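# Summary of structural features
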Amino acid sequence: MILDLHTALSNLPTQQIRQVWNEGSLFSPISTGTCSSAVGKVSQLLPVKRYKIRSHYEGVFALQFTRDMTCLAVGYGSGDVTLHDPCTAKKLYSPSRKAEQLPVTGLQFRSDDHAQLVYCLAHGHIFLQQIDEDGTVIDAATVIEDNEINTLDVSRFGYYFVTAGKDKNIRVYDWEKFKPFSILGPMTQGDYIGPPEDTLTQHGKRIFSCKFSDTSPYHLVSGGWDNSVKLWDLRTGHVERSMSSSDHGPKLCGDALDIRGDLCVTGSLLPDNAIELWCLKEGRRVAVLPYESPRLRGQYIHAVRFCNGTKNVVAGSAVCHDAQIISVEDRKVVARIDGYRRSVSSLAVCNSGKIAIGGSGSYISLVETMDSPFFLEDEPEQ
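First things first, this report covers the structure right here in the doc. All residue numbers refer to positions counted from 1 along the written sequence of the respective chain. Where totals are concerned, whole chains, interfaces and linings use all residues; where local detail is concerned, this predicted model gives features only for residues with pLDDT of at least 70, and gives and counts side-chain atom pairs only at 80 or more. Side-chain measures here rest on the full set of heavy atoms in the structure, leaving out hydrogens and waters.

### Digging into the sheet that holds strand β11 (residues 160-165)
Spelled out, the test is: Paired strands, in this sense, are two strands between which DSSP finds at least two bridges. Each helix corresponds to a stretch of at least 4 residues labelled H or I by DSSP, and each strand to a stretch of at least 2 residues labelled E; elements are numbered beginning at the N terminus. Each axis is a line fitted through C-alpha atoms, and for a helix only the stretch in contact is used; angles between axes span 0 to 180 degrees, taken between their N-to-C directions.
Here we have four strands laid out as an open sheet, ordered β10-β11-β12-β13, and antiparallel in their pairing. For this open sheet the edge positions go to β10 (149-154) and β13 (179-184), each flanked by a neighbour on one side alone. Ignoring which end each strand starts from, the neighbouring axes of this sheet average 25 degrees apart. The sheet contact formed by β11 and strand β12 (residues 170-174) spans five bridges and is antiparallel. Directly across from Tyr160, in β12, lies its bridge partner Asp174.

### Section: the pairing of strand β3 (residues 72-76)
We count it as follows: The buried label applies to any residue whose accessible area, calculated with a 1.4 Å probe on protein chains only, is under 20% of its type's maximum; exposed applies above 50%, and partly exposed to all values in between.
Here β3 lies mainly inside the structure; five of its five residues are buried. Both faces of β3 are covered, namely the face carrying Leu72, Val74 and Tyr76 and the face carrying Ala73 and Gly75. Relative to β3, strand β2 (residues 60-65) is paired through five bridges, and the arrangement is antiparallel. Bridge pairing in β3 links Leu63 to Val74. Judged from the four bridges that link them, β3 and strand β4 (residues 81-84) form a sheet pairing that is antiparallel. What sits directly across from Leu72, in β4, is His84.

### Thoughts on the environment of Ala335
Within the fold, Ala335 resides in strand β25 (residues 332-337). Through-space distance from the C-alpha of Ala335 to that of Gln324 is 5.7 Å; in sequence the pair is 11 residues apart.

### Quick look at empty space enclosed by the protein
Defined as follows: Lining residues are defined by having an atom within 4 Å of a point belonging to a cavity or pocket. Those points lie on a 1 Å grid over the protein atoms alone, cavities being sets where a 1.4 Å probe fits but cannot get out and pockets being open sets with protein on both sides within 12 Å along at least five of seven lines. Grid points are joined across faces, edges and corners, and a volume is the space filled by probe spheres set on the points. Gly is put with the polar residues, along with every residue not named as nonpolar or charged; the nonpolar set is Ala, Val, Leu, Ile, Met, Phe, Trp, Tyr, Cys and Pro, and the charged set is Asp, Glu, Lys and Arg.
Taken as a whole and judged by the stated rule, the model has one cavity of 30 Å³ or more. Approximately 40 Å³ is the volume attributed to the largest cavity. Every residue along the wall of the largest cavity is listed here: Tyr51, Leu72, His84, Ala89, Ile364 and Leu366. Each residue belonging to the lining of the largest cavity can be placed in one class, and the counts come to five nonpolar, one polar and no charged.

### Describing the sheet that holds strand β16 (residues 229-233)
Here we have four strands laid out as an open sheet, ordered β14-β15-β16-β17, and antiparallel in their pairing. The outermost strands of the open sheet, each flanked by one partner alone, are β14 (207-212) and β17 (238-243). Going across the sheet, the axis of each strand differs from the next one's by a mean of 25 degrees, ignoring polarity. In terms of strand pairing, β14 meets strand β15 (residues 219-224) through five bridges, oriented antiparallel. Across the sheet, the residue bridging to Cys210 is Ser222, located in β15.

### Overview of a negative patch on the surface
Quick reminder of the rule: Residues with no salt bridge and a relative accessible area higher than 30% make up the patches, which join like charges within 9 Å and nonpolar side chains (Val, Leu, Ile, Met, Phe, Trp, Tyr) within 5 Å. Reported accessibility uses the Shrake-Rupley method at a 1.4 Å probe radius. Residues are deemed covered only where the shown protein chains occlude them. The salt bridge definition used is simple: a Lys or Arg side-chain nitrogen within 4 Å of an Asp or Glu carboxyl oxygen. Counting rule applied: Lys, Arg positive; Asp, Glu negative; His and chain ends not counted. Lys charges are placed at NZ, Arg charges at CZ, Asp charges at CG and Glu charges at CD.
On the surface, Asp68, Asp113, Glu133 and Asp134 cluster together to form a negatively charged patch. Relative to the elements of secondary structure, Asp134 occurs in the loop between β8 (125-131) and β9 (137-144).

Next up, the structure:
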């Protein structure tokens, strides 16, 4: 039984919470169901803020911290974007709302701060916006793809950004011209129905997540619905490695892919063995990580991120209505962040260890790893 931190703490008065925190009686060892040994105490992980969103936003589809950790961007199902202070959850800016009320399927900051924000809508519109210190928002560039976009990522080396989606192609954009200068993929319409061996060099079905390497400016990794994850070399425009498992995975259906060095983690919309760890250098799966789920419900992972380097992985489920933090080394669940009534489909992690969690529910939760406790505070609806 995994400890439900939110429920356990929210039902206690503050004085008793502090007493329990000091005594550690709430944080008893927990088991994962897939591992025989118990894990240690999880007293350093608590929800520190919960921001209530308006119902017309239609859920959270994308989350992203700035690299300097001064801002959190939130993309909604309604096509809106808001920027928040990650410490207080207070809304800082609201970039102009677009007429097309379709989900924001990807958003990223171009640089370390929030001066430039690029985001895309599901039907193919991509916007680059300049945000001044006084909150003035300027539309710097716009492009329309003839494609349904599911993912967007920005190179950490600052050279370019990519989009991918329904047509199975990865478009690499130049910042200055704001146009694609390279297209990786089959450049065909519809699902792939050719010989299976051809999927080694291209995606056979729509792409749901694409991430640049954090150590090489020439490589990126993509995954989608075709039971494979692929490492691309931008210099050749070809797949360097294509990886899959015997468990019919990875079958991505969301932003469920992350990279740290040679390690890649994926989350699949599958009932079990849904979180997989891959070694890009060796081109193979090296581990399956656990996720606690009620019997007969399954795991069905919608989002994953590395946390604290490659020490932990945080994952959100489409059916379990929670997020869980898993130790990569011990392969055990060490914490559960509960309190959601619907699916968890969006995650963001910053270098300090703070985690933003959102989905189809009415709240965004901020969780932080720290030495002293912080307690849940509801923000007024904005």
